[in-house]
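Tertiary structure, described
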Amino acid sequence: MRAPDIAYLTDIHFGVGVAAVVPELLERFGVARPLVVTDASLIELGMPQRLGLAGAEAFAGTETNPTEANLRDCLAHYRSAACDGLVALGGGAPLDLAKLVGMMVAHAPALEQYAILRGGTARIVAPLPPLVAVPTTAGSGSEVGRAALLRLDSGRKLGFLSPLLLPKAAVCDPSLTLSLPPRLTAATGMDAISHCVEAYCSPRVNPVADAIALDGLHRGWHAIRRAFARGDDLAARSQMMLCALMGGLAFQKGLGAVHSLSHPLGALPDLALHHGTLNALFLPFVLRFNQEACGPALDAMARALGLASGAAVADAFERLLAELGLPRRLRELGVPREALAPLAPLAAEDHCSATNPRALDEGAARRLYAEAW
Ligand SMILES: [Fe+2]
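Here goes a summary of the coordinates provided. Computed from a prediction, not measured in an experiment: that's the story for all the values here.

**Looking at the sheet that holds strand S8 (residues 169-172)**
Taken in spatial order, the six strands line up as S1-S8-S5-S4-S2-S3 in an open sheet, and their pairing is parallel. Since the sheet does not close on itself, it has two edges, and those belong to strand S1 (11-14) and strand S3 (57-59), each with one partner. Across the sheet, the axes of successive neighbouring strands diverge by a mean angle of 20 degrees, strand direction being ignored. Pairing between strand S5 (residues 131-135) and S8: two bridges, direction parallel. Within S8, the position partnered with Ala-133 by the bridge is Ala-170. The strands touched by helix H4 (residues 68-80) are strand S2 (34-37), S3 and strand S4 (85-90); relative to S3, the strand with the most contacts, the crossing angle is about 170 degrees.

Shown next as structure tokens:
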């Protein structure tokens, strides 16, 4: 069936201290034994306690770029502890992992048949166990998104998409992001900003998402330096959390080449490259590549950011990356040059390429990788 053009209906609890609402939400959703999907560092920081979930079952093994093996482990934990619902606590990785655990609780293997590129959206049909998403970074926007990404046993990082993957509630408490170190604040914040930019440039018609994307971009652009320089600036943290949330709401329009180029690199097993760091790096290159195909969108973004013209947006982002101490070239991340050519066809085929304003074929992906190296 054709997907709706505009789709919004997520319960979002937003504000300092709202994390305490999680037990009440679980009760309302009829969840007696939740599994908290998170990672070891957040357990160490006492995050489950802050959600009133000190005694709950927890899976602390989420990897930076979650894998199919990671999903099997988490699913086994869910089943052996007889859980009946999920709380995703952390960045995009545990949020996406929890979505897919919920999907595989309700659907028969194999996982790959449900991937977007395999026509899997139509196969995701059964109701999933309730999921409450609690982001502790201001980045992925996955708390309000219908998509999840995972590296499969085959080595490919594939996307999954269904309205059924949408969390039943998003609990966005900016105070949970206060302990995020500067480097991750910058990298996850640039992921959120890249969602606003790419959704806004997507050629799909969704003016509601456009309005959200532009406002989210404005907030992120003005807050990211403050959140980076002063981690305890709660006002800046709140703006960044809004930017992430709005990016997530906007990307139902689709993303673009930044994400297409980033996904295959994020699937390289040995480098464990961070999604937001890669997106930040690709953003200026892709904006220049897209320049002629989305001039009016770039001009509108320039106005929102107080820049002279659309042509200045890519340079402005490049300066921002320097201010935030983020890498500007792939070689700085230890990516071997010869690793890139085999990734070009995967980037061209990525589910985000369809909504890049300029066609991203294999040759274009190869050139962009080479430039960014
Ligand atoms: Fe992203």
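**Section: the coordination of the iron ion**
The iron ion binds to the protein through Asp-191 (OD), His-195 (NE2), His-259 (NE2) and His-275 (NE2); the donor distances cover 2.1 to 2.2 Å. Seen from the iron ion, its four donor atoms lie at angles of 84 to 172 degrees, and the figure they make is irregular. For the iron ion, all donor residues lie on one chain, and their spacing in sequence is D-x3-H-x63-H-x15-H. With Asp-191 in helix H6 (residues 182-201) and His-275 in helix H10 (residues 275-290), the pair connects residues that are 84 residues apart, well separated along the chain. Classification of Asp-191 as buried rests on a relative accessible area of 5%.

**Details of the packing of aromatic side chains**
By the definition in use, this model includes two aromatic pairs. Consider the rings of Trp-221 and Phe-317, whose centres lie 5.4 Å apart with planes at 85 degrees: the pair is edge-to-face. Remark: Phe-317 occurs in helix H12 (residues 313-323) and Trp-221 occurs in helix H7 (residues 207-229); sequence separation between them is 96 residues. Like Trp-221, the residue Phe-317 is buried in the burial classification. Measuring from centroid to centroid gives 5.9 Å for Phe-282 and Tyr-369, while their planes differ by 65 degrees, and the two rings are edge-to-face. Residue Phe-282 is located in helix H10, and its partner Tyr-369 is located in helix H14 (residues 362-372); the two are separated by 87 residues in the primary sequence. The exposure class assigned to Tyr-369 is buried, which follows from its relative accessible area of 1%.

Rules used throughout
Residues numbered from 1 in each chain as written. Predicted model: local features only at pLDDT ≥ 70, side-chain atom pairs only at ≥ 80, totals over all residues. Heavy atoms only, no water. Pairing = 2+ DSSP bridges. Helix = DSSP H or I, 4+ residues; strand = E, 2+ residues; numbered from the N terminus. Axes fitted to C-alpha atoms, helices over the stretch in contact; angles between N-to-C directions. Contact = heavy atoms within 4.5 Å. Donors = N, O, S within 2.8 Å, 3.2 Å for Na, K, Ca; no water. Tetrahedral: all angles 85-135°; square planar, octahedral: opposite > 155°, others 65-115°. Buried < 20%, exposed > 50% of the residue type's maximum accessible area, 1.4 Å probe, protein only. Phe/Tyr/Trp six-rings, centres within 6.5 Å; stacked < 30°, edge-to-face > 60°.

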